[in-house]
Amino acid sequence: MKAIVIQAYGGPEGLAVVELPAPEPAAGQVVIATEAIGVGGVDTLIRSGALAAYGFTEGHVPGSEVAGTVHAVGAGVDLAWTGRRVWGFTGTGGGCVERAVASVEDIVELPADLSAVDAVSIGSAGAVAHFGLAHARFAPGDAVLVRGAAGGIGVLAVQLAARGGASEVAVTTSSPARGERLRGLGATRVLDRSGEGEGEGDAPAGYDVVLDIVAGDGLPSFLDRLRPGGRLVAVGAVGGQPPADFGMRLMAAFRSSLSFATFSLDTVAPADRRALRAAQFAAAARGALTTVVHEVLPLDQAARAHRAMDDGEVFGRMVLMP
């Protein structure tokens, strides 16, 4: 089968198209004949070598979410899954292939009227946005700032915050054009990447929740934007790690009772992830949640997709198709 592997860490040119043996499912697993493969920020970080300390090595197959049809099932898996259209999570890799392996605990059946492309634009990102906001104790009336809102997680976090009754949904993004698109999804204020921008005079005096997808050197300045009792939750680090001493900002504002937290879907029970994803897929199928796909490319153009991610060109989700 055709697959993408990281032959050399660094730029997108280190990705290569290779032939690998078709997989056989182990106990508790399914093999999915892929129709669409999502490309996320973590894939580009792994490819760059930034996460090498976590055990990734050259030869790694990137990609963590796919949608398609169950081709085969392993021991202990209900045979009725065979032939069903599903979304699947493949872990920290293994998705950029024609046939992907996933645990039966990490698949969700798709509504008949939801495309595979739309499924991979929402499957992982929508869950991170939902549970990330919950981790921040988001409640109706809160003023929310989504940092790095033009990516897959951001466009869904904006929608969820707006529909959840936020009093303000501010976003940081790289251009006015992207800002206008985010307004169409529910944003009420558009800021530049540093958090400066329109209507500063009538801006809220801080935010109750900052959902941060970027991290990096700029994270400490967004702690300064929290109201007393405010919470910043980092759900990604596409901008790299924050400064080692960023916690000093929290200590300097000790009397404001500010909070910083990280959030990973690994801490959510599989049953809760499946239930949330099924609900979001159903919402997208009926038009109650908007999926945003930047571009769909053939699998063998994975390097082009990664290059667009690196260049900051992507609004929403990049998707590959075998």
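What counts as what
- Each chain carries its own residue numbering, running from 1 in the direction its sequence is written.
- Selection of residues for local features in this predicted model requires a pLDDT of at least 70, selection of side-chain atom pairs for listing and counting requires 80 or more, and totals for whole chains, interfaces and linings are taken over all residues.
- Processing note: side-chain calculations cover all non-hydrogen atoms of the structure and skip hydrogens and water entirely.
- A helix here means a DSSP run of H or I that spans at least four residues, while a strand means a run of E at least two residues long, and both kinds are numbered starting from the N terminus.
- Any residue under 20% of the maximum accessible area for its type is buried, any over 50% is exposed, and the rest in between are partly exposed; the area is computed with a 1.4 Å probe on protein chains only.
- Lys and Arg are tallied as positive, Asp and Glu as negative. Neither His nor the chain termini are counted.
- Salt bridges are defined as contacts in which a side-chain nitrogen from Lys or Arg sits within 4 Å of a carboxyl oxygen from Asp or Glu.
- Counting of polar contacts relies on pairs of N or O atoms within 3.5 Å, with two restrictions inside protein: one atom must be capable of donating a hydrogen and the other of accepting it, and residues adjacent in sequence are counted only when both atoms are side-chain atoms.
- The contact criterion used is simple: two residues touch if any of their non-hydrogen atoms lie within 4.5 Å.
- Any two strands with at least two DSSP-identified bridges between them are counted as paired.
- For helices, the fitted line uses only the C-alpha atoms of the stretch in contact; every axis is such a line through C-alpha atoms, and the angle between N-to-C directions lies from 0 to 180 degrees.
- The scheme is simple: roughly parallel for angles under 35 degrees, roughly antiparallel for over 145, roughly perpendicular for 65 to 115, oblique for anything else.
- Handedness of a helix crossing follows the sense of rotation of the near helix relative to the far helix, less than a right angle counterclockwise being left-handed and clockwise being right-handed.
- Residue classes follow a fixed rule: Ala, Val, Leu, Ile, Met, Phe, Trp, Tyr, Cys and Pro count as nonpolar, while Asp, Glu, Lys and Arg count as charged, and any other residue, Gly among them, counts as polar.
- The patch calculation keeps residues exceeding 30% relative accessible area without a salt bridge and links them within 9 Å when they carry like charges or within 5 Å when they are nonpolar (Val, Leu, Ile, Met, Phe, Trp, Tyr).
- Exposure was quantified through the Shrake-Rupley algorithm and a 1.4 Å probe, taking into account, for residues, occlusion by the shown protein chains and nothing else.
- To be clear, the arc concerns the directions from the helix axis to the C-beta atoms.
- Throughout, nonpolar core names a set of buried Ala, Val, Leu, Ile, Met, Phe, Trp, Tyr and Cys residues whose side chains join them through atoms within 4.5 Å.

Would you mind showing me how to read the side chain of Asp43 here?
Examined against the element boundaries, Asp43 turns out to sit in helix α1 (residues 41–48). The side chain of Asp43 is buried and forms no salt bridge, while Arg317, the nearest opposite charge, is found at 5.9 Å. Only 3.3 Å separates the side chain of Asp43 from the backbone nitrogen of Gly63, close enough to count as a polar contact. Apart from residues lying up to four places away in sequence, Asp43 is in contact with Gly38, Pro62, Gly63, Ser64 and His306.

Looking at this structure, I do not really get unusual backbone geometry. What am I missing?
If a residue is not glycine, its phi is most likely negative; likewise, a peptide bond is most likely trans. Even without a glycine there, the phi angle at Arg137 is positive, about 60°. Position of Arg137 among the secondary structure elements: in the loop between α2 (116–135) and β8 (143–147). One non-glycine residue, Ser257, lies in positive phi territory at about 55°.

Whenever I open this one, the sheet that holds β8 confuses me. Can you help?
Adjacent strands of a sheet pair through backbone hydrogen bonds, lying either parallel or antiparallel. Judged by pairing direction, the sheet is parallel, and its six strands sit side by side in the order β10-β9-β8-β11-β12-β13 without closing on themselves. Two strands lie at the open edges of the sheet, namely β10 (189–191) and β13 (259–262), each paired on one side alone. Averaged over all adjacent pairs, the angle separating strand axes in this sheet is 15°, with direction ignored. Pairing of strand β12 (residues 226–234) with β13 involves four bridges; the strand directions are parallel. Note on β13: the bridge partner recorded for Arg231 is Ser259.

Please clarify how the pattern of salt bridges should be interpreted in this entry.
One side chain can pair with another of opposite charge once the charged atoms of both are near each other. For the structure on display, the rule yields twelve salt bridges. Where Arg273 meets Asp106, a salt bridge forms, and the shortest distance between an N and an O atom there is 3.3 Å. Of this pair, Arg273 sits in helix α7 (residues 270–285) while Asp106 sits in the loop between β6 (99–103) and β7 (107–109); the two residues are 167 residues apart in sequence, bridging distant segments of the chain. Per residue, the accessibility class of Arg273 equals that of Asp106, and both read buried. For Asp142, the salt bridge identified is with Arg231, shortest N-O distance 3.2 Å. Of the two residues, Asp142 is situated in the loop between α2 and β8 and Arg231 in strand β12; the sequence distance between them amounts to 89 residues. Overall, the relative accessible area of 11% leaves Asp142 in the buried class.

Honestly, the packing of α2 against α7 in this entry has me stumped. Any pointers?
Across the interface, α2 lies against α7 with an axial gap of 9 Å and an inter-helix angle of 120°. Judged on the interaxial angle alone, α7 and α2 are oblique. Here α2 runs over α7; the crossing is right-handed. Across from Ala119, Ile122, Gly123, Ser124, Gly126, Ala127, His130 and Phe131 in α2, the residues of α7 making contact are Asp272, Arg273, Leu276, Arg277, Gln280, Phe281 and Ala284. Across the contact of α2 with α7, the residue classes break down as seven nonpolar, five polar and three charged.

Explain a nonpolar patch on the surface here, please?
Residues Met248, Met251 and Phe254 make up a contiguous nonpolar surface patch of roughly 380 Å² in combined accessible area. Residue classification places Met251 among the exposed positions, given a relative accessible area of 51%.

How do you make sense of the environment of Met1 when you look at a structure like this?
Among the structural elements, Met1 can be located in the segment before β1 (2–6). Between the alpha carbons of Met1 and Val97 there is a distance of 7.2 Å; along the sequence they are 96 residues apart. Discounting residues that sit within four places of it in the chain, Met1 has contacts with Val18, Glu19, Leu20, Pro21, Ala22, Pro23, Val97, Glu98 and Arg99.

What is the right way to read helix α8 (residues 302–310) from this model?
Looking at α8, one finds that the buried residues are Ala302, Ala305, His306 and Ala308. Projection of α8 onto a plane perpendicular to its axis shows the buried side chains occupying an angular sector of 155°, all on one side. Against β1, β2 (15–19), β3 (29–39), α1, β14 (293–298) and β15 (317–321) lie the buried residues of α8. At the exit of α8 stands Gly312, carrying a positive phi of roughly 70°.

Is there a simple way to explain the nonpolar core in this structure?
Among soluble globular proteins, nonpolar side chains are generally buried collectively. Counting residues in each nonpolar core, the largest one holds 52 residues, and the members touching the most others are Val146, Val158, Val171, Leu182, Val235 and Phe281. With eleven residues, the top contributor of residues to this core is α2. For Val146, the residues in contact, after removing those within four places along its chain, are Gly154, Ala157, Val158, Ala170, Val171, Thr172, Leu211 and Ile213. Ile4, Val18, Val73 and Val86 belong to the second largest nonpolar core, which has 36 residues in total.

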